[in-house]
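Listed here are the chains, written in short residue letters.
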Amino acid sequence: MSHGTVLLAPYAQCEEASRGRRFPEPPPRHRTEYQRDRDRIVHSTAFRRLVYKTQVFVNHEGDLYRTRLTHSLEVAQIARSVARALGLNEPLAEAICLAHDLGHTPFGHAGQDALNECMRDLGGFEHNLQSLRVVDELEERYAEFAGLNLTFETREGILKHCSASNARRLGELGARFLERRQPSLEAQLANLADAIAYNNHDVDDGIRAGLISLDELRDLAIVRRQYELVAGRYPDLGPRRMVHEVVRRMIDYLVNDLISASAASIARAEPRSVDDVRACSEPLLTFSQEVHAEHLELKRYLRQHLYRHYRVLRMTTKAKRVMRALFDAMLEDVELMPTEHQEAARRMEAVDGRAGRARAVADYIAGMTDRYAIREYGRLFDPSERT
């Protein structure tokens, strides 16, 4: 199957088999449908905001830490390499990766947890669903429709997890969660590329911040193997370059394993089409058992020693306090929000009562960058701040 000059494997998602867009549009003239999706994502307001939303470290703590934007680019690069090696649809994988964090709140996971807690009795908050809301409803760029009007396959890939109750509301897009079916291989790939990128880059950022050290990390098999290779070959390497070289090789190690283990898994399952992929009981893209175990060991280590480090927890506590205070104040009085968000709150309340009003407040807060949220908090609660 030809795709421009690239040959797609029979089990890849080709756009001739796409389920299309919610609002029909004339086909693009000089690019594919999935390239159009990618370009719309890159030009969206939500994508630009990712530059001021963080992974672990809050934006004002330093300029060299990863942001959601650099993370999304890094995930997309990993996915493109793997897609090409396995004959998958590269522009589709790239589009999913670039959009996967569009619904993320300020302050990383702490912000999401706080907003979910605030919304617990009002429909909850989940960043995958919020990313979908951003591309389906909240972006305001086009004359003929709300959102970005992306293809079904890109939207499916954005929605990594979904509860049964939300899946029922989402119709065709939610059906696979109820039927226990798989998404396309490109969507499966975006999920794994995300895990590779954030674990390894959090190692880099955590060492840079002085919260974890390469010496401690050498207890982990996945780090030790690369460290010994680098130290053996470059005995006089400075600490900064040592870290980069080890992290780079860890990513390479995981990517190569993902390609070889997935190729073997696909060969065993013998899918002849994307429908065969969807009908599988388990995802076909995978690490080898050994590497999966090493990857999990690293993930557990980071959870314990980096994400639960007292300096990170202090910031997490502050972030949650900011999110809760903003939410409570604005839910109580929607007139504290900018005019367009007040109007959205009233419109949504008319349809869905208090839950609709709360959703509009959550949309506004989730869209904030770290520093905008901190500034709004100051404007609302610090008498000396200008409003």
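Residues numbered from 1 in each chain as written. Predicted model: local features only at pLDDT ≥ 70, side-chain atom pairs only at ≥ 80, totals over all residues. Heavy atoms only, no water.

Draft legend 1. Structural context of the overall build of the chain. Across its full length, the chain carries 18 helices and two strands. In terms of C-alpha radius of gyration, the chain reaches 22 Å, essentially the compact-globule figure of 21 Å for 387 residues. When its C-alpha atoms are laid out on the principal axes, the chain stretches across 60 × 50 × 35 Å. A buried classification covers 53% of the 387 residues belonging to the chain. Sequence separation of 24 or more characterises 71% of the internal contacts of the chain that already satisfy a separation of 6 or more. A total of about 18,700 Å² of accessible surface is found on the chain, and carbon and sulfur atoms cover 48% of it. Taken together, the 56 basic and 58 acidic charged side chains of the chain have centroids lying 2 Å from each other. (Helix = DSSP H or I, 4+ residues; strand = E, 2+ residues; numbered from the N terminus. Rg over C-alpha atoms; globule rule 2.2 N^0.38 Å. Buried < 20%, exposed > 50% of the residue type's maximum accessible area, 1.4 Å probe, protein only. Contact = heavy atoms within 4.5 Å. Areas by Shrake-Rupley, 256 points an atom, 1.4 Å probe, with all protein chains shown as cover. Lys, Arg positive; Asp, Glu negative; His and termini not counted. Charge placed at Lys NZ, Arg CZ, Asp CG, Glu CD.)

Draft legend 2. Looking closely at empty space enclosed by the protein. One pass over the full model with this rule turns up one cavity of 30 Å³ or more. Approximately 40 Å³ is the volume found for the largest cavity. Elements supplying a minimum of two residues to the lining of the largest cavity: helix 4 (90-99), helix 7 (152-158) and helix 10 (185-208). With three residues, helix 10 is the single largest residue contributor to the lining of the largest cavity. Residues that form the lining of the largest cavity fall into these classes: four nonpolar, three polar and two charged. (1 Å grid on protein atoms, 1.4 Å probe; cavity = no way out; pocket = protein on both sides within 12 Å on 5 of 7 lines; lining within 4 Å. Points joined across faces, edges and corners; volume = space filled by probe spheres on them. Nonpolar A, V, L, I, M, F, W, Y, C, P; charged D, E, K, R; others polar.)

Draft legend 3. Quick peek at the nonpolar core. Formed by 82 residues in total, the largest nonpolar core has its most connected members in Ile 41, Leu 88, Leu 102, Leu 189 and Leu 217. A total of eleven residues in this core trace back to one element, the largest contributor, which is helix 13 (residues 239-269). For Leu 217, the contacting residues outside a window of four places in its chain are Val 203, Ile 207, Ile 212, Val 223, Leu 298 and Tyr 301. Membership of the second largest hydrophobic core comes to 27 residues, among which are Leu 115, Met 119, Met 330 and Tyr 364. (Core = buried A, V, L, I, M, F, W, Y, C linked by side-chain atoms within 4.5 Å.)

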